[in-house]
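Structural features, examined
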2 protein chains.
Amino acid sequence: MATPLIAMEEALSRILAGLRPVGAETVSLSEGWGRILAAPVTARLTQPPADVSAMDGYALRAEDGAVGTVLRVVGAAPAGHPFAGRVGPGEAVRIFTGGAVPEGADTILLQEDAVAGDGSVTSTEAPRPARHIRRAGLDFAAGDVLVESGRRLTAREIGLAAAANHPWLLVHRRPRVAILATGDEIVLPGDPLPAGSIVSSNAHALAALVRASGADALVLPIAVDDRDAIAAAAESAGGCDLLVTTGGASVGEHDLVQAALAPLGFTLDFWKIALRPGKPLISGHFRGMPMLGLPGNPVSALVCSVLFLIPALRRLGGLPAAPIETRPAVLGRDLPANDHRQDYLRAAFSRDAEGRITATPFPVQDSSMLRFLAASGGLVVRAPHAPAAPVGSAVQVVDLSSLGV
Amino acid sequence: MATPLIAMEEALSRILAGLRPVGAETVSLSEGWGRILAAPVTARLTQPPADVSAMDGYALRAEDGAVGTVLRVVGAAPAGHPFAGRVGPGEAVRIFTGGAVPEGADTILLQEDAVAGDGSVTSTEAPRPARHIRRAGLDFAAGDVLVESGRRLTAREIGLAAAANHPWLLVHRRPRVAILATGDEIVLPGDPLPAGSIVSSNAHALAALVRASGADALVLPIAVDDRDAIAAAAESAGGCDLLVTTGGASVGEHDLVQAALAPLGFTLDFWKIALRPGKPLISGHFRGMPMLGLPGNPVSALVCSVLFLIPALRRLGGLPAAPIETRPAVLGRDLPANDHRQDYLRAAFSRDAEGRITATPFPVQDSSMLRFLAASGGLVVRAPHAPAAPVGSAVQVVDLSSLGV
């Protein structure tokens with residue numbers, strides 16, 4: 001082929017450069033978990049709004065708290081019910097965690113350091129001034145930026161947004177991804193299975209990966225290896241943010257995706273990457289919609305999705321443009337020197353007591369073997385022309401399970 | 001108080017011992033991602049179903065493949081369209097990746113090693129026998145167990161189940177969790193905010209945590225600090241698998257949850273745990289439904305949820321009974337010796353190039369401060385009576401973000 005191989009990193013940065021985050025939508029606070037914030041969450045109030053007690057006990061003037069002093073209990077300040085009066089000399093107010101410290105009081109006598117009488121209380125341990133009082137604004141003050149835009153919201157951040165008085169959140173809408181599986185030989189799971197056919201697995205695995213990445217998948221009907229069928233299917237992806245195809249991206253006579261879409265306005269960016277598994281990969285635009293054409297082999301399709309589709313989905317969804325994260329591991333088997341293609345080897349992971357991963361690549365790396373892929377902890381990354389690596393070498397790995405993949 | 005403190009591990013194992021996994025439901029394959037499998041996925045077919053070509057090229061008899069031999073092309077075998085005849089001496093069949101190897105052929109001549117003529121093909125590189133053929137059953141054979149019961153399904157496993165011809169999956173239904181926030185002082189985000197009141201954050205943070213753990217949350221109306229109100233709210237949790245309350249679990253006069261529920265058939269298991277933050281914690285059963293009573297402090301409530309509620313949700317959902325996972329880290333600050341309570345310190349995380357975490361506990365650990373909790377990487381675990389630990393010490397941490405919390 002005349003088309004030169006291009007490097008993995010260049011391919012990814014060219015794909016990401018063509019993508020813009022999708023717009024925002026308003027969701028209720030309770031729908032916000034896992035969504036990507038499109039505007040900062042700013043505190044709408046000060047928390048706590050006033051000085052409050054951190055414990056159950058009595059609010060009083062520290063100078064009145066000497067052991068044995070009998071104080072008159074003039075009222076109560078449970079959380080939510082501030083005491084309206086003022087604590088004077090020789091007086092105390094019964095107080096509970098979260099209750100507002102009444103005017104005049106400057107410390108809290110813990111209830112375990114007090115003996116309650118009939119309308120009175122006696123200290124058994126002198127409280128120091130300012131003890132057990134949470135100052136107004138200890139947690140945050142009105143106007144503070146509490147959660148930055150562009151973060152995937154955690155449960156803690158949902159709680160913080162609630163405490164800051166936000167019933168609504170502005171988040172990026174979920175990107176819409178159309179998935180088109182092509183091939184004469186594939187049929188849907190459970191459907192009649194003529195001789196020579198295989199069950200379609202790519203579209204469903206990709207839809208799950210899309211969902212795991214916070215986007216919505218539209219699984220288009222399978223297109224047979226026919227230009228018109230592929231063109232019709234691709235046209236039904238209108239309104240989506242990304243079109244993903246699988247199959248038909250190779251170099252044989254049955255590689256029809258490009259041929260089918262070119263007359264309809266498909267513009268090709270590149271399509272051969274120095275990568276294993278997954279060399280044939282189409283990137284381009286179809287009527288303004290970004291398109292990613294993945295290989296038909298299920299292992300190649302999933303590995304390419306992790307390397308290209310997940311970063312693309314994150315970028316569309318409002319997260320920063322970045323390659324998929326890798327982490328360090330120790331090699332569990334000798335590896336020969338690598339050729340000119342970046343390699344992603346399916347490997348079993350084991351973790352020691354210190355959390356270190358030993359990654360042992362499977363001896364057979366055939367890109368049709370889904371079972372090994374499903375059983376693997378992740379992928380060992382091998383750079384182009386990497387020298388032979390003996391067992392024990394430091395390597396970088398992609399932890400697939402942590403991605404929900 | 002007469003009630004003795006009980007240890008963290010004992011508390012968790014007592015909670016988990018009272019829980020049984022919820023029942024199963026049938027979901028479509030495309031709904032299966034992230035669900036917990038309730039029955040193994042067994043291969044319904046053999047994959048590949050026959051010997052197939054791994055490449056595009058020509059199927060022939062290896063003995064006919066010597067360089068320069070001209071072979072007659074007698075047919076084609078694209079994927080999905082097996083060649084009906086037999087490959088005889090001096091013959092070849094055009095074949096594509098995934099196409100069935102025709103009877104008589106025993107190797108694949110790669111198309112890049114072949115020169116196609118008019119109805120003929122000439123080898124430019126002799127193929128070895130059995131090259132580029134994927135044997136029937138290379139990936140899996142009918143009857144093989146491909147995914148074990150009790151696993152949270154990944155995108156890869158969805159793909160594998162599809163390839164094994166399963167349009168449906170048997171998964172545990174999502175546990176239903178009722179969340180009841182109590183307190184006179186709390187109001188819903190965005191609602192009118194009388195003096196002394198604070199915005200309710202626990203219920204929403206817990207609902208997000210419940211969702212992050214694969215369960216469904218029912219957020220009950222806030223109950224004021226009144227026995228009847230609490231009792232009425234708890235009764236509306238009927239049909240749930242777990243009732244979680246926040247607030248009212250402490251030792252003050254306003255701790256009404258137990259008092260409210262006891263007349264209605266609440267049986268108490270234990271309620272004080274040697275734990276910080278979070279000592280007051282109720283575990284018991286309300287009319288046969290397990291109940292967990294969390295502290296009202298938002299930080300305590302979230303930390304206790306990570307330690308007790310997530311393991312409970314996993315167990316209810318069909319995963320093994322196990323404590324929350326910890327991982328090794330290096331301490332970023334000197335810590336004093338610990339007292340008799342297990343401590344979970346909010347800490348900033350930083351990761352070095354090797355992926356090692358340095359965890360630096362915040363100097364202020366007040367359990368009302370949601371902002372520090374939201375900003376923390378996770379929690380540093382300090383065992384009861386742990387000796388002073390200098391900066392650089394090895395510690396175990398809970399990685400909150402990886403839990404979606």
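Refer to the structure presented above.
A short tour of the structure in this document, coming up. (Residues numbered from 1 in each chain as written. Chains lettered and ligands numbered in written order. Predicted model: local features only at pLDDT ≥ 70, side-chain atom pairs only at ≥ 80, totals over all residues.)

Turning our attention to helix H6 (residues 298-317) of chain B. Residues and elements named next belong to chain B. With 20 residues, H6 ought to run about 28 Å at 1.5 Å a step, yet its terminal C-alpha atoms sit only 25 Å apart, falling short of that. When the local axis directions of H6 are compared, the greatest deviation, roughly 45°, occurs at Ser 305. Among the 20 residues in H6, 20 count as buried, and that is most of the element. Downstream of H6 by a residue or two, Gly 318 has a phi angle that is positive, lying close to 110°. (Helix = DSSP H or I, 4+ residues; strand = E, 2+ residues; numbered from the N terminus. Expected span 1.5 Å × (residues − 1). Bend = angle between axes of the 7 residues up to and from the residue. Buried ≥ 20, exposed ≤ 12 C-beta atoms within 10 Å, placed from the backbone.)

All names here are of chain B. Pairing of strand S19 (residues 275-276) with strand S23 (residues 342-351) involves two bridges; the strand directions are parallel. Each residue of the ladder has a partner; that of Leu 275, found in S23, is Gln 342. The pairing of S23 with strand S25 (residues 378-382) spans five bridges and is antiparallel. From the neighbouring strand, Asp 343 faces S25, where its bridge partner is Arg 382. In this antiparallel pair of consecutive strands, S23 and strand S24 (residues 357-361), the connection spans five residues, and Gly 355 shows a positive phi of 85°. (Pairing = 2+ DSSP bridges.)

For the rest of this paragraph, the subject is the sheet that holds strand S8 (residues 114-116) of chain B. Residues and elements named next belong to chain B. Pairing within the open sheet is mixed, and its six strands lie in the order S7-S4-S6-S5-S9-S8. Pairing within the sheet leaves two strands with one partner each, and these edge strands are strand S7 (107-110) and S8. With direction set aside, neighbouring strand axes in the sheet form an average angle of 40°. With five bridges connecting them, strand S5 (residues 70-77) and strand S6 (residues 91-95) associate as parallel partners. Note on S6: the bridge partner recorded for Ala 76 is Arg 94. (Axes fitted to C-alpha atoms, helices over the stretch in contact; angles between N-to-C directions.)

This part covers the interface of chain A and chain B. Every contact between the two is made by 74 residues of chain A and, on the other side, 75 residues of chain B. Only helix H2 (155-163), strand S15 (198-199), helix H3 (202-212), helix H6 (298-317), strand S22 (327-331) and helix H7 (370-375) of chain A provide two or more residues apiece to the side of chain A that touches chain B. Grouping the constituent residues of the side of chain A that touches chain B by class yields 36 nonpolar, 26 polar and 12 charged. (Contact = placed C-beta atoms within 7 Å. Nonpolar A, V, L, I, M, F, W, Y, C, P; charged D, E, K, R; others polar.)

The next point concerns the nonpolar core. Of all hydrophobic cores here, the largest spans 101 residues; its most connected members are A:Ile179, A:Leu243, A:Val244, A:Leu379 and A:Val397. If one sorts the elements of this core by residue count, H6(A) sits on top with 13 residues. Residue contacts for A:Val397: discarding those within four places in its chain leaves A:Thr326, A:Arg327, A:Ala329, A:Ala347, A:Ile357, A:Ala359, A:Gly378, A:Leu379, A:Val380 and A:Val381. Of all hydrophobic cores here, the second largest spans 100 residues; its members include B:Ala215, B:Leu302, B:Val306 and B:Val398. (Core = buried A, V, L, I, M, F, W, Y, C linked by C-beta atoms within 7 Å.)

Attention now goes to the packing of H2(A) against helix H3 (residues 202-212) of chain B. Orientation of H2(A) relative to H3(B), taken along the N-to-C sense of each, is 160°, at an axis distance of 8 Å. What the angle tells us is that H2(A) and H3(B) run roughly antiparallel. Two packed elements cross with a definite hand, and for H2(A) against H3(B) that hand is right-handed. Contact with H2(A), carried on its side by A:Ala155, A:Arg156, A:Ile158, A:Gly159 and A:Ala162, involves B:Asn202, B:His204, B:Ala205, B:Ala208, B:Leu209 and B:Ala212 of H3(B) and no other residues of that element. Split into classes, the residues belonging to the contact of H2(A) with H3(B) amount to seven nonpolar, three polar and one charged. (Parallel < 35°, antiparallel > 145°, perpendicular 65-115°, else oblique. Left-handed = near helix turned anticlockwise from the far one by under 90°.)

Superposing chain A onto chain B requires a rotation of 180° together with a translation of 0.0 Å along the rotation axis, leaving an RMSD of 0.1 Å. Overall, the copies show the geometry of a two-fold rotation axis. Residue A:Ser402 of chain A places its C-alpha closer to the rotation axis than any other residue of that unit, at 3.9 Å. Here 100% of the interface residues in chain A have copies in chain B that are interface residues too; the copies meet face to matching face. (Least-squares fit on C-alpha atoms with pLDDT ≥ 70 in both.)

Right, let's talk about the sheet that holds strand S16 (residues 216-219) of chain B for a bit. Residues and elements named next belong to chain B. With respect to topology, six strands assemble into an open sheet ordered S16-S13-S17-S21-S20-S18, the strand pairing being mixed. Each edge of the open sheet is held by one strand with a lone partner, namely S16 and strand S18 (266-272). Looking at each pair of strands side by side, their axes are set apart by 20° on average, direction ignored. Across five bridges, the pairing between strand S13 (residues 176-181) and strand S17 (residues 242-246) is parallel. In the sheet register, Ala 178 faces S17, and the bridge partner there is Leu 243.

Residue and element names in this part refer to chain B. Two numbers describe how helix H1 (residues 8-17) lies on H6: the axes approach to 10 Å, and their chain directions differ by 30°. The orientation of H1 relative to H6 falls into the category roughly parallel. In terms of crossing hand, the pair formed by H1 and H6 is right-handed. Two secondary-structure elements touch here, H1 through Leu 12, Ile 15 and Leu 16 and H6 through Phe 308, Pro 311, Ala 312 and Arg 315. Residue classes in the contact of H1 with H6 are distributed as six nonpolar, no polar and one charged.

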